[in-house]
Amino acid sequence: MYLKQLHVHGLRNLKHIQLSLSPQVNLFHGPNGSGKTSLLEAIFLLGRGRSFRSRVLNTVINTQEQVCTAYGLRESAGISTPIGVSRGRQGDFLFKINGQQIAAASALAETLPLLLLNAEGFDLIGGGPHYRRRFIDWGVFHVEPRFFPAWQRYQRALRQRNRALKEGGRSAAAFEPELAEAGMLVHRLRMDYLQNFMSPLGERIRQLLNTDDWSLDLQRGWRGSADFSECLTQQRERDRRMGQTTEGPHRAELRLKMGGETARNRVSRGQQKMLIAALVLAQCDQVLERTEVAPVLLVDDLAAELGSEFQASLIAALNTYPGQVFVSALEMTAAMESLETGRVFHGEH
């Protein structure tokens, strides 16, 4: 599975771009402001239905345009599937797959699974728990069909219980059986995924950081009894005072340690980026093993924060990755010369 063609119109500084892409490594390089990251952003839109650069959606649109559009042609087993995403200044994003309008970005994720390694990836190490929950949930979503329906059920019941708590809490108990059942399934599927994730993660950390001194564990998000329904009953009065459900899988925390300490307190910025790369590549490995589909991998500003030795290690990993890779770079360093590119695009062109 790979993206065969990319057409972009009116997205940031890209007025109209048409590219034929390699199923291996595609390199975008050139000076700042030439549109390298915007091209990665367009690909990200096709797979996630949102930007990774801004929550203010209108900033994605070129100042001289009313609409921005990203169109891609996904190739898989000889079958081409068109994917389109557009955004107007007055409305939400419009998603299309095979010419048919779709309502949810989850269908884009299923059609074009992709992962991103960029500067914001440091939030995976030093940011709040929701960054790590979102990371692991992306993996579970792609390998376990039961996860997304369970997650939707949980979110719906969570909203209903929270609304009841804000209104005084008298009807909160009515939503707890559904919340507990869906929540326990979400937790079990996360745990099952992590159990299989540990082996590829260990291999990638060894490859990129040359160490086995690490640990990863999932804090489930509630205290006391293993039965989430009991926790909801016990915490109901406290939750009523707080006006929200204070414990549950929506509060889960993925804890990553190096050398016995929280990773963000233990390793340098360069090591953090390599650790993030290990997490991202291991998740790609896991999805490939379970689904036989290698996710598309986006790497923005590969050389940033990395010395030549770390650059060489990461490039060696990218050279052997079996899926499609997109890399942006400000300049071609000595280490970058070893990147085995299928196609090279210069920003000025």
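Residues numbered from 1 in each chain as written. Predicted model: local features only at pLDDT ≥ 70, side-chain atom pairs only at ≥ 80, totals over all residues. Heavy atoms only, no water.

Novice: Explain the layout of surface pockets to me, using residue names and the numbers behind them.
Specialist: Reported here for the largest pocket is a volume of approximately 1400 Å³. What lines the largest pocket is a set of 40 residues, among which Arg-48, Arg-50, Tyr-131, Arg-134 and Phe-135 lie closest to the centre. Of all the elements in the fold, those that place two or more residues in the lining of the largest pocket are α1 (36-48), α2 (106-111), β8 (114-117), α3 (123-126), α4 (129-143), α5 (147-166), α6 (176-209) and α9 (269-291). The element best represented in the lining of the largest pocket is α4, accounting for eight residues. When the residues that make up the lining of the largest pocket are grouped by side-chain class, the tally is 20 nonpolar, ten polar and ten charged. (1 Å grid on protein atoms, 1.4 Å probe; cavity = no way out; pocket = protein on both sides within 12 Å on 5 of 7 lines; lining within 4 Å. Points joined across faces, edges and corners; volume = space filled by probe spheres on them. Helix = DSSP H or I, 4+ residues; strand = E, 2+ residues; numbered from the N terminus. Nonpolar A, V, L, I, M, F, W, Y, C, P; charged D, E, K, R; others polar.)

Novice: Give me the sheet that holds strand β1 (residues 2-11): which residues, what numbers.
Specialist: An order of β2-β1-β4-β5-β6-β7 is seen for the six strands of this open sheet, with the pairing classed as antiparallel. Strands with a single pairing partner mark the edges of an open sheet, and in this sheet they are β2 (14-20) and β7 (100-102). Going across the sheet, the axis of each strand differs from the next one's by a mean of 20°, ignoring polarity. Across ten bridges, strand β4 (residues 67-76) lies against strand β5 (residues 79-88) in antiparallel orientation. If you follow Gly-72 over to β5, its bridge partner there is Ile-83. α1 contacts β1, β2, β4, β5 and β6 (93-97) of the sheet and is inclined by roughly 110° relative to β1. (Pairing = 2+ DSSP bridges. Axes fitted to C-alpha atoms, helices over the stretch in contact; angles between N-to-C directions. Contact = heavy atoms within 4.5 Å.)

Novice: Can you break down α9 residue by residue, with the values?
Specialist: With 23 residues, α9 should cover 33 Å at 1.5 Å per step; its first-to-last C-alpha distance of 33 Å lies within 8% of that length. A positive backbone phi angle near 65° is found at Glu-292, which sits one or two residues after α9. (Expected span 1.5 Å × (residues − 1).)

Novice: Give me the packing of α6 against helix α10 (residues 308-319): which residues, what numbers.
Specialist: α10 packs onto α6 with a crossing angle of 140° between their chain directions and a minimal axis gap of 9 Å. Viewed along their axes, α6 and α10 adopt a mutual orientation that is oblique. Contact residues: α6 offers Arg-204, Gln-207, Leu-208 and Leu-209, while α10 offers Phe-310, Ser-313, Leu-314 and Ala-317. Residues that form the contact of α6 with α10 fall into these classes: five nonpolar, two polar and one charged. (Parallel < 35°, antiparallel > 145°, perpendicular 65-115°, else oblique.)

Novice: Describe the environment of Ala-294, and please don't skip the residues or the numbers.
Specialist: Along the chain, Ala-294 turns up in the loop between α9 and β12 (296-299). Looking at Ala-294, the relative accessible area reads 10%, which means it is buried. Measuring from C-alpha to C-alpha, the distance between Ala-294 and Met-1 comes to 7.0 Å, with 293 residues separating the pair along the chain. If we skip the residues at most four places from it in the chain, Ala-294 touches Met-1, Leu-288, Tyr-321, Pro-322 and Gly-323. (Buried < 20%, exposed > 50% of the residue type's maximum accessible area, 1.4 Å probe, protein only.)

Novice: Explain the packing of aromatic side chains to me, using residue names and the numbers behind them.
Specialist: Two measures describe an aromatic ring pair: the distance that separates the ring centres and the angle between the ring planes. Applying the stated criterion across every chain yields a total of nine aromatic pairs. Ring plane angle 85° and centroid distance 5.2 Å describe the contact between Phe-44 and Phe-52, whose orientation is recorded as edge-to-face. Each member of the pair, Phe-44 together with Phe-52, is buried. Where Phe-148 meets Trp-151, the ring centres are 6.1 Å apart and the plane angle is 15°; that geometry is what we call stacked. With a gap of three residues between them, Phe-148 and Trp-151 both fall in helix α5, about one helical turn apart. Note that Arg-269 overlies the ring of Phe-122, its terminal NZ or CZ placed 3.7 Å from the centroid. (Phe/Tyr/Trp six-rings, centres within 6.5 Å; stacked < 30°, edge-to-face > 60°. Lys NZ or Arg CZ within 6 Å of the ring centre and 35° of its normal.)

Novice: Tell me about the sheet that holds strand β10 (residues 253-258), and please be specific about residues and values.
Specialist: If you walk across this open sheet you meet the three strands as β9-β10-β11, and the pairing is antiparallel. Both edges of this open sheet fall to β9 (214-219) and β11 (261-262), since each of them pairs with a single strand only. Judged from the two bridges that link them, β10 and β11 form a sheet pairing that is antiparallel. Among the inter-strand pairings, Met-258 is bridged to a residue of β11, identified as Glu-261.

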